[in-house]
Amino acid sequence: MQEKVFFNGPFGKICGVLHKVDDKKEIVILIHGFSSTKDRGTLNATQALENAGINAMRIDLDNRGESELDFESGATVPNYIKQVEATIKYCKEVGFKEISLVGTSYGGTVAFAVALSHPELKRLVLRAPVVDYKEHVLWSYGKEKLQEFEKQGFVPYFSNTTKELLKVNFDYIIKSYPYSMYEHAKEVQIPVLIIQGDKDEDVDPEAAKRAVKFFPNAKLYMVKGAGHHLGVNGDFSEAHNVLVDFFK
């Protein structure tokens, strides 16, 4: 059963789609990547969990989808943490007691950041995550381009999904710096799975190899031939199977 739900968040209404398959008290919350939505970045992974008999919820972090948080000024890790925390609260209110997180790309940074202050979470999955934002922006843009963005006060961002040129306030980069997995992974005691494509051109695949060593209880699965979306020639089954097996 799929049900679109709206519930209160710190910035207005949050929209999610609940995939409920049974009355078990466990649910997985899926968090999409930067500038994506619940209907693109997390849809297929959620359906894979649903097909495996696992309750799941995919949410919109901001108004790129149907939630009420402005993307251009609000797309920061601290704001997104609050959105996810409101989702955890909602899931508990409707009867779920064991909650896990799955974060993709920038959503991986968000999921990790939430886990730092929520030791009650059951499991954490990071799909092609941004491991350390300071390292990531230098790898992606280089020092000169980053200085140019800081001077102009915004980052022009081209959405590969919707083919739009977006602008987001530069402080989203600065506010991402404190959530480095290199520095804080040791604080996350729950089981962690990192799924990474070895042909990823949007985040550095080597970063995941470095980061997994800092977690007390983590494993890394590299999908050979996969890019950032973890598919190989349009086939996402390998990454989905690894995800499902982790929860089953």
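Our subject in this report is the structure included herewith. Within each chain, residues carry numbers counting from 1 in the order of the written sequence. In view of the model being predicted, local features appear only for residues whose pLDDT reaches at least 70, and side-chain atom pairs are presented and counted only at 80 or more, with totals across whole chains, interfaces and linings using the full set of residues. For side-chain calculations, the full set of non-hydrogen atoms in the structure is used, while hydrogens and water are omitted.

Re the sheet that holds strand β10 (residues 218-223)
We treat two strands as partners when DSSP finds at least two bridges between them. Secondary structure follows DSSP: runs of H or I at least 4 residues long count as helices, runs of E at least 2 residues long count as strands, and numbering of each begins at the N terminus. Pairing in this open sheet of 8 strands is mixed, and the strands run β1-β2-β4-β3-β5-β6-β9-β10 from one edge to the other. Of all strands in the sheet, those bounded by a partner on one side alone are β1 (2-9) and β10. For this sheet, the mean angle separating the axes of adjacent strands, direction not counted, is 20°. Taken together, the 6 bridges between strand β9 (residues 192-197) and β10 define a ladder with parallel strand orientation. To define axes, lines are fitted to C-alpha atoms, for helices over the stretch in contact only, and angles between the resulting N-to-C directions are given on a 0 to 180 degree scale.

Notes on the environment of V244
Relative to the helices and strands, V244 resides in helix α10 (residues 237-247). In this scheme, a residue with accessible area under 20% of its type's maximum is buried, one over 50% is exposed, and one in between is partly exposed, where area comes from a 1.4 Å probe on protein chains only. A residue is classified by how much of its surface remains accessible, and V244, at 10% relative accessible area, is buried. Residues V244 and A52, spaced 192 residues apart in sequence, show a C-alpha to C-alpha distance of 6.9 Å. Ignoring any residue separated from it by four or fewer positions in sequence, one finds V244 in contact with A48, L49, A52 and I54. Any two residues whose heavy atoms approach within 4.5 Å at even a single point are treated as in contact.

As for the pairing of strand β6 (residues 124-127)
The side-chain alternation of β6 yields two buried faces, one formed by L124 and L126 and the other by V125 and R127. By the bridge criterion, 4 bridges tie strand β5 (residues 98-104) to β6 in an arrangement that is parallel. Looking at the pairing, V102 lines up with V125 of β6. Here is how to tell: hold the view so the strands point away, follow the path from the first strand over the helix to the second, and if it runs clockwise the crossover is right-handed. Since β5 and β6 lie parallel, the crossover through helix α4 (residues 106-116) that links them has a hand, and here it is right-handed. Of the pairings in the sheet, the one linking β6 to β9 comprises 4 bridges and is parallel in character. Considered in β9, the bridge of R127 is made with I195.

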